[in-house]
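The residues making up each chain are set out below.
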Amino acid sequence: MAEHTTNRRPGPHGPGTPRGGFQKPKNMGKTISTLLRYVGRSRWLLAVVAVCLVLNTACTIGGSYMLRPLIDECIVPGDYHRLARTLVLMACLYLGAALLSYTYARIMVRISQTATHAIRRDLFARMQRLPLRYFDTHTHGELMSRYTNDIDTLTEILQNGLVSLLSGALTFAGVVGMMLYLSPLLFLVTVFSLGLMLAVIMTVGKRSRRYFMAQQRDLGEVNGYIEEMIEGQKVIKVFNHESQAKAGFDARNDRYRRSAASAHAFAGAMMPAMGNISHINYALTCCVGALLSIAMGLDLGALLVYLQYTRQVSQPISQVSQQVNNILAAIAGAERVFEVMEAAPEVDDGEVTLVHVRRGPDGALTEAAGRSDGWAWKKPDGTLAPLRGDVRFEDVVFGYNSDKTILHGISLYAKPGQKIAFVGSTGAGKTTITNLINRFYEIGGGLITYDGIDVRDIGKESLRRSLGIVLQDTHLFTGTIADNIRYGKLDATDEEVRAAAKLANADTFISHLPDGYDTWITDDGGSLSQGERQLLAIARAAVADPPVLILDEATSSIDTRTEKLIERGMDRLMAERTVFVIAHRLSTVRNAKAIMVLEQGEIIERGDHDELIAQGGKYYQLYTGQAELS
Amino acid sequence: MIKKLWPYTRGYRKWIALGVLCSASEAVFELLLPLVMADIVDTGIPAGDTGYILRRGALMVLMALVSMALGVSAAFLSSHAGQGFGANLRKAQYDHIQAFSFRNIEKFSTASLVTRLTNDCNMLQMSLMMGMRLLVRAPVMLISALVLAVSISLRLSRVFLVAMPLLLVLIGLIVKHVSPMFSSLQERTDDVNLVVQENLSAIRVVKSFVREDHEQEKFRKRNDALRATAERAFGFVVMNMPVMMLVTYGTIIAVMWYGAPLVQSGELQVALLSTFFTYITQVLMSLMMVSMIMMMLTRAVACAKRVTEVLDETPDITDAAASSGVTAADGSVDFDHVSFKYSPDAEKWNLRDINLHIPSGATVGIIGATGSAKSTLVQLIPRLYEAQEGTVRVGGRPVGEYTVEHLRDAVSMVLQKNTLFSGTIRENLLWGDENASDADIEAACEAACAAEFIRRMPAGYDTDLGQGGVNVSGGQKQRLCIARALLKKPKVLILDDSTSAVDTATDASIRAAFRTRLPDTTKIIIAQRIISVMDADLIVVMDDGAIADMGTHAELMQTSDIYRDVYQSQQEGASLDG
């Protein structure tokens, strides 16, 4: 894997960069319709929400309107009976409004959590099916942020944004209707100030967007610098380079401070601007209303109600103006999530499967349920062929990118039970070959067969179950040591786990740990040394007991003495199996039946150790230390 | 917490004060508007006084404009103060980290330091900004609205006596209930992210063991738990709004009921009654706002804790015992009964009773298995860690008597895990000596066997390395790091397994160059390959934190079992790698 991951450069955003702040979605319509599919699963609940919203708006507006009869017909004339009746009516309306608003908000929580739960589930499921090529071209940080940032923003918007947008629109429509009903003339004043608000939103919004982009850029730079300098902190100390590192930071920190201050100043100015335009509107309405009341006899109650509405009408506008950016960001985030879901999965149309078989007295194979006499390939027509571990490459051509071919027409043949070793410098294509056997990548030309079957005809699950791999970079999962070994065979008994650990010589260090096999591992096994982690990885492959083994630099971090200690275990592990070994250390590959020396994607020499030494070529040079291996 | 962070507002306190003032006055102006409105309705309309109405109207517009100016200024001031505070805080942390020792850094882990400098700082500057705008506004609004309400009608204001405590209690109950839910929500979220994170980094393991379904099952459990917790937490949060609506509306109705007789008796005018509603809404809204801000601040407090942890960390290697003028006389290195452990609480010593004398100018090789503490030993020389027992001397003086700067100028070390920085090759080499001439640079690269491949690069010494030196191979990177260390012209040069990716021929010519070009420099070489140390003046064999054997190659072949073992295992395999 180390051979092609150099493209995993840190993304343009540091870890702290709020993603998607001002990115506009590319294909809004499609994203929204996908989103609707998720939300639409709760369509009955959505209908309830819609009804609640409409009723709630009606109750709220109606409640405010009650002020007019209260003032004109009850308080001013002093009619207490009527006052009591009207107040009870008003109380009912308000109570209804409160209950309705709780109902729809609570339902929205359910709807949004259900939708994002499903999105997370589908996203993760799809991620499991994506080809490795996808993970090579996307950084972990990038994919992680689908879960952390993008889905979070989406939940937030589904839970609050959507409803407040809808209720805002409804309130706005309702209030405008009531205003027109109360006094069309006064509404002219309102129209004027609403226009003013829109103008402010447009101009300020445009400017603040520009500042925000500058802020994002500077933030990315400051975060990137921090990352690099903190990671290189030890080198900085060894070289007394602290003051230069400080100076470089100060410049970037200050640039970010300036641009962020401007960006937030503009965004922050929006709220008081909106609020006070609404106050001006209030003042003008009050004035004009008073004049109307004198000139045309507008009743006092109507004027006071209108003034209350004035406060309500501007709220949705400033609400929406604040939400628009969030909504756009959420849709852009959703789009990125759906992009991952739409990425093409690994091709897996092989129909040959791997089955356990029992060998009858006459040598005939029958399918068996549990672990038994051995493995066999089951062809689509139902015939069984025993698994032997015969792997052949015929003129295989491959490149990770279409413009750069890594393997140029490789042909090789691994006899069942043979140990085959690959030797060559970094980038020669050793790991690539093993990546092709288990079909991590699709080949560009040629043919790879496994017991005479084209690997493309074998179901991926079956293919990979038949191959055990110990990778150069060991990855462990949070859980106990036993859990991690058991990853190779989920139903392995404690005895099997222990036996595998013993085989890999891991039992010794495990029993020295405070909780032995139950020791909890976190942080990718950070508390274990590189060598110990490799021993665990070997145990993990051992417990799986696969017919074919691939060891990619499996012992590179284990010192030569320990390697000697585990040699016997490794020999037992490798006995009777076809084994592919990649190693830097030539002592590891020396006893292989066939050694392939790779250079720039071609096999330049092949043979066993003695033959290759006798040839006096590249292998001889490597062996005697005349050539560089990295 | 605030007391600890307050110093970092330096330079922006005037802005904070002004901003708070602006926010507060804006709130007051906002509340005065309805009073003027009441004037118009209660005085202007009955009198039919158009002039009065227009004058009052103009006053209202003016007040709104002033309030707008105040509000916009508050926004500008608070964002400048917030960002300034954030920048100060980031700088303080960053500068403090520069003074950290290796032990300090390891205590935090790189990733967590980066988060503290980025996410946590951003959250805190955001909180200051929002706090200046909203947190100030809410209490001012609350108090002025109360004062105004009382001034309108003392009797009616009594409804507040019921409404306010009621709302506070209700909101308090909700918040109390919700906050533990939010911390468990955070845990559930972390669980989900952990599965994704591990799945991503181990995707090859997952695929090769065909554990996709197992992973999905793992994810499903956590995803379900997250959903259940989120639904419970947010289901509670959404009660906030309806509760506040109920209390507000209840109050309005009560005011109507009790207010009507007052209007009848002429004690209260109608429009003032309506003004009263406005105040009720404002007061209860600001209470709501406070409760919401409180929720946000609980997150900020967690960030502040993490930031102050960094700021409070005492750098454990300082110049306290150093005299500033002293520089190392020569390159001799002595270990005198030195014992060391990484964690002071650990029972086991990582290094036990090391005694070693290295004369100035000697070449010393160190050999030993993984985990035998070879690197630990040499890291004590430039005082990257401090020995708990015994004394390490450079140039005849204990390392603590030099300033860290002088000591590390004299002792140059090429780390095992080495880093190149973004920039050109030349810029990276200049780390060794800022004033190095082109000739110096070339000489150093010549000695490190790097000159030849640099010349072959398209832009030579001005080739851009990319972040982390991604544009050069492992062996080339190691040679650049050696050249960088050579440019310091150190008295002691330490190579910690620094030629593992270099072929033996190049390795040999680097060592030959050391011998001829740096005869007076003490060279300490840690290596996996015996061939790299065979010709050293002294070879130290480490085993489990102690010196097992010492001597020349010929002597060790006679006396040391471990040495012979390693030698033989490498001979038969001709190991080429570390």
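My aim in this report is to walk through the structure given alongside it, one point at a time. (Residues numbered from 1 in each chain as written. Chains lettered and ligands numbered in written order. Predicted model: local features only at pLDDT ≥ 70, side-chain atom pairs only at ≥ 80, totals over all residues. Heavy atoms only, no water.)

## What to know about the interface of chain A and chain B
Taken together, the 150 residues of chain A in the interface contact 158 residues of chain B. Taken together, the two surfaces of chain A and chain B that pack against each other cover about 13,600 Å², and 67% of this comes from carbon and sulfur. The interface formed by chain A and chain B holds five salt bridges in total. Notably, a salt bridge pairs D250(A) with K91(B), separated by 3.1 Å at the nearest N-O pair. Joining chain A to chain B, the criterion identifies 33 residue pairs in polar contact (both at pLDDT 80 or more). At 32 residues, the largest contribution of residues to the side of chain A that touches chain B is made by helix α9 (residues 242-296) of chain A. (Contact = heavy atoms within 4.5 Å. Buried area = accessible area lost by both parts, 1.4 Å probe. Salt bridge = Lys/Arg side-chain N within 4 Å of Asp/Glu carboxyl O. Polar contact = N/O pair within 3.5 Å; in protein donor to acceptor, adjacent residues only side chain to side chain. Helix = DSSP H or I, 4+ residues; strand = E, 2+ residues; numbered from the N terminus.)

## Points about the environment of L365(A)
Residue and element names in this part refer to chain A. Following the sequence through the fold, L365 ends up in strand β2 (residues 365-368). Spatially, the C-alpha atoms of L365 and A376 are 8.4 Å apart, while their sequence positions differ by 11 residues. Those residues in contact with L365 that sit more than four places away from it in its chain are V357, R358, R359, A376, L384 and P386.

## A look at the sheet that holds strand β1 (residues 353-359) of chain A
All names here are of chain A. As summarised here, the arrangement of the four strands in space is β2-β1-β3-β4, forming an open sheet in which the pairing is antiparallel. Edge positions in the sheet fall to β2 and β4 (384-386), since each of these pairs with one other strand and no more. Each strand of the sheet is rotated relative to its neighbour by a mean of 55°, with strand direction disregarded. Here β1 pairs with β2 via four bridges, running antiparallel. Residue pairing across strands places V357 opposite E367, the latter belonging to β2. (Pairing = 2+ DSSP bridges. Axes fitted to C-alpha atoms, helices over the stretch in contact; angles between N-to-C directions.)

## A closer look at helix α14 (residues 438-447) of chain B
All names here are of chain B. Listed as buried for α14 are I441, A444, C445 and A447. Projected down its long axis, α14 carries its buried residues within an arc of 160°, all on one side. Directly beyond the C-terminal end of α14, a positive phi value near 60° is found at C449. (Buried < 20%, exposed > 50% of the residue type's maximum accessible area, 1.4 Å probe, protein only. Arc of directions from axis to C-beta.)

## A few points about the nonpolar core
Residue and element names in this part refer to chain A. Residues F393 and Y450 are the most contacted members of the largest nonpolar core, which totals 187 residues. A per-element tally of this core places helix α4 (residues 80-129) first, with 19 residues. Those residues in contact with Y450 that lie beyond four places of it in its chain are W377, L387, G389, D390, V391, V455, I458, L463, S466, L467 and V548. (Core = buried A, V, L, I, M, F, W, Y, C linked by side-chain atoms within 4.5 Å.)

## Re the sheet that holds strand β9 (residues 453-454) of chain A
Residue and element names in this part refer to chain A. Strand order in this open sheet of four strands is β6-β5-β8-β9, and the pairing throughout is antiparallel. Either end of the sheet is taken by a strand with one partner, and the two such strands are β6 (407-414) and β9. As paired elements, strand β5 (residues 391-398) and β6 share five bridges and run antiparallel to each other. Note on β6: the bridge partner recorded for F398 is L407. Of the strands in this sheet, β5, β6 and β8 (445-450) are in contact with helix α11 (residues 430-437), which crosses β5 at around 115°.

## A few points about the packing of aromatic side chains
Tallied over the full model, the rule gives 21 aromatic pairs over all chains. Residues F398(A) and Y441(A) carry aromatic rings whose centres are separated by 5.8 Å and whose planes lie at 55° to one another, so their mutual orientation is tilted. Here Y441(A) lies in the loop between α11 and β8 and F398(A) lies in strand β5, a separation of 43 residues in the sequence. Residue F398(A) is classed as buried on the basis of its relative accessible area of 1%. Owing to a relative accessible area of 2%, Y441(A) belongs among the buried residues under this scheme. Look at Y342(B) and Y385(B): their rings are 5.1 Å apart centre to centre, the planes differ by 90°, and that puts the pair in the edge-to-face class. Linking Y342(B) in the loop between β1 (333-340) and β2 (351-358) with Y385(B) in the loop between α11 (374-379) and β4 (389-394), this pair joins segments that are 43 residues apart in sequence. For Y342(B), a relative accessible area of 30% puts it in the partly exposed group. Y385(B) gets classed as buried once you look at its relative accessible area, which sits at 4%. Taken together, the ring pairs connect F102(B), F340(B), Y342(B) and Y385(B) into an aromatic cluster. (Phe/Tyr/Trp six-rings, centres within 6.5 Å; stacked < 30°, edge-to-face > 60°.)

## Looking at empty space enclosed by the protein
With the rule as written, the count across this model stands at nine cavities of 30 Å³ or more. Looking at the second largest cavity, the residues that line it are I469(A), V470(A), L471(A), D473(A), T474(A), A537(A), R540(A), V205(B), S208(B) and F209(B). Elements supplying a minimum of two residues to the lining of the second largest cavity: β10 (467-470) and α16 (530-544) of chain A together with α7 (203-208) of chain B. Grouping the constituent residues of the lining of the second largest cavity by class yields six nonpolar, two polar and two charged. (1 Å grid on protein atoms, 1.4 Å probe; cavity = no way out; pocket = protein on both sides within 12 Å on 5 of 7 lines; lining within 4 Å. Points joined across faces, edges and corners; volume = space filled by probe spheres on them. Nonpolar A, V, L, I, M, F, W, Y, C, P; charged D, E, K, R; others polar.)

## Examining the packing of helix α2 (residues 43-65) of chain A against helix α3 (residues 67-75) of chain A
Residue and element names in this part refer to chain A. Two elements in contact, α2 and α3, have axes whose closest approach is 4 Å; the angle formed by their N-to-C orientations is 20°. One finds that α2 runs roughly parallel with respect to α3. Packed against α2, whose contacting residues are G63, S64 and Y65, the element α3 presents L67, R68 and P69 at the interface. (Parallel < 35°, antiparallel > 145°, perpendicular 65-115°, else oblique.)

## Things to note about a nonpolar patch on the surface
Taken together, the side chains of M28(A), I32(A) and L36(A) define a hydrophobic patch exposed on the protein surface, amounting to about 250 Å² of accessible area. By the element assignment, M28(A) lies in helix α1 (residues 28-39). (Patch = residues over 30% accessible without salt bridge, like charges linked within 9 Å, V, L, I, M, F, W, Y side chains within 5 Å. Areas by Shrake-Rupley, 256 points an atom, 1.4 Å probe, with all protein chains shown as cover.)

## Examining the pairing of strand β9 (residues 538-543) of chain B
All names here are of chain B. Across the six residues of β9, five count as buried, placing the element largely inside the fold. Pairing analysis gives five bridges linking strand β3 (residues 363-368) to β9, with the strands arranged parallel. In the sheet register, G368 faces β9, and the bridge partner there is M542. Sheet topology places β9 next to strand β10 (residues 546-551); five bridges connect them, and they run antiparallel. Within β10, the residue paired with V540 across the bridge is M550.

Note that all results are geometric; they support no functional claim without further evidence.
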